[in-house]
Amino acid sequence: MKFILIFWSFDCNFYFRVVGFLSFFQYPSFIIRDPELYKKIAIRDFNNFVNRDNKHDIKRDLFLDKSVLLVRDEKWKEVRSILSPMFSSLKMKYMFGLLTESVENFIRIYDKKIKDNGGELELETRDVFVRLTCDGIATACLGLKSDCTENENSELYKICEEMAEGFSTASIPLVYPKFLSYFGVQIFTKKVHEFFESTVTEQLRKRRETGFVRTDIIQLMLQAKNGIDLTDDEMVAQSLVFFLAGFDATASIMQALSFEFAKNPEIQQTLIDEVDEMVSKLDGRKISYEELNSMKYLEMCVYEALRKWPQIRFHSRCAKKDYDLVDDETGAKYRIDKDTTIFFHLLAIQRDPKYFPNPKKFDPTRFVNGAKNVPFFSFGIGPRNCVGWRFG
């Protein structure tokens, strides 16, 4: 095994299957870039790797620490058991209508802008997509009708930008939370915390007192029936995480797709042809959830964008007890001590020519048979994968 001192990097140009390294605070850790070893830890031996890290007593964020992203052990199992049924295909179908309204409003606004500008419009794509996804997740998650697309100075858009900025610089605080403890800061600002606390608390009060019902994530949390109740603070925490993932990750992948379509007009045309075929079948009516899911080339394009440009480039797990990791391909054996954190290098795996020939090429046909038969890990794997992958 190679055991070296490395700097935290998104570089994927190393070819060791397992690398040992010392973190900034001299914690021994591992990076793994082999899909079968990832599956061993995240699926087969999951009970020894339930948690993402060994930071039991360090606070990173007022609400993020209470979210399904970072809670630990039995608490994670409780929260996950409440949230998982919320993202069934049936529940997603209910929320599809809310998202459709936001997209239709977006199209109406930008159709007008293009016409008013003589048929052409130069855009900053991230700004445009963040506004669209913020409007969509606001209604599907928080029960709010937001104005990010219509109002350039939208207050909710400003909250989104603060959240994105906080999380974009959070890789070191998440992995090395002593940084936060030392400087006495949190990942998200007080303004972000206050917005989510007041918004979610008001929605909860309104629905409890009046019986108001709306098919969104807050309502699904309220109606969860498995013998375990989330506290109001825990519901605020889950709402914050769903909101962040819903607007930021989605906007980023839309931006990546726009970039790839611009570079590969033949791929864009194939997708346009599929869209035109569906529009013809619809004959003026709105597309349904099932019909959208039947658009296979669209799905292939999204998977390929997620492969090449994963939003989260490392996943992590922490050993609850001493563990011997055996590499069946090489016969090598690695001793992983209790409380050692293991990082799985998604970007390296998903850009490895061994699994994806010519990996820098954008090629949706890699996923002609879906994502089950290739090492695709953008949503994670095992019991602690992304709970909202279907919503995404």
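Residues numbered from 1 in each chain as written. Predicted model: local features only at pLDDT ≥ 70, side-chain atom pairs only at ≥ 80, totals over all residues. Heavy atoms only, no water.

Q: What should I look at first to understand the pattern of salt bridges in this one?
A: A pair can form between side chains of opposite charge whenever their charged atoms are brought close. Under the defined criterion, the tally for this structure stands at 35 salt bridges. Linking E104 and K286 is a salt bridge whose minimum nitrogen-to-oxygen distance equals 3.5 Å. With E104 in helix α3 (residues 89-116) and K286 in the loop between α11 (265-282) and α12 (289-293), this pair connects stretches of sequence that are 182 residues apart. Between E277 and K281 there is a salt bridge, with its nearest N and O atoms 3.8 Å apart. In this pair, E277 and K281 are both assigned in helix α11, four residues apart and thus about one turn of the helix distant. (Salt bridge = Lys/Arg side-chain N within 4 Å of Asp/Glu carboxyl O. Helix = DSSP H or I, 4+ residues; strand = E, 2+ residues; numbered from the N terminus.)

Q: Honestly, helix α4 (residues 125-142) in this entry has me stumped. Any pointers?
A: Residues that lie three or four places apart on an α-helix share one face, since the helix turns once every 3.6 residues. Along its 18 residues, α4 runs 25 Å from first to last C-alpha, staying within 8% of the 26 Å computed at 1.5 Å per residue. G143 sits one or two residues past α4 and shows a positive phi near 75 degrees. (Expected span 1.5 Å × (residues − 1).)

Q: Help me understand the nonpolar core, please; the structure alone is not making it clear to me.
A: In summary, soluble globular proteins display a tendency toward joint burial of nonpolar side chains. If you look at the biggest cluster of nonpolar residues, it comprises 63 residues, and the most contacted ones within it are L83, M163, F188, F196, F243 and F247. For this core, the secondary-structure elements that each account for two or more residues are α2 (73-83), α3, α4, α5 (155-168), α8 (190-210), α9 (217-223) and α10 (232-263). What F247 contacts, discounting residues up to four positions off in sequence, is V130, T133, C134, I137, C160, M163 and A164. One finds I41, A42, Y323 and I336 within the second-largest nonpolar core, a separate group that totals 19 residues. (Core = buried A, V, L, I, M, F, W, Y, C linked by side-chain atoms within 4.5 Å. Buried < 20%, exposed > 50% of the residue type's maximum accessible area, 1.4 Å probe, protein only. Contact = heavy atoms within 4.5 Å.)

Q: Looking at this structure, how should I read the packing of aromatic side chains?
A: For any pair of aromatic rings, the description rests on two quantities: the centre-to-centre distance and the angle between the ring planes. In the structure shown here, the tally under the stated rule is 18 aromatic pairs. On the numbers, 6.4 Å between centres and 35 degrees between planes, the contact of F356 with F367 is tilted. A residue pair is termed long-range when its members are at least 10 positions apart, and F356 in the segment after α14 (346-350) and F367 in the segment after α14 qualify at eleven residues. Taking relative accessible area as the criterion, F356 reaches 2% and is therefore assigned buried. What links up through ring pairs into an aromatic cluster is the set Y303, F356, F367, F376 and F379. (Phe/Tyr/Trp six-rings, centres within 6.5 Å; stacked < 30°, edge-to-face > 60°.)

So, to be careful, I would describe these as geometric facts and stop short of saying anything about function.
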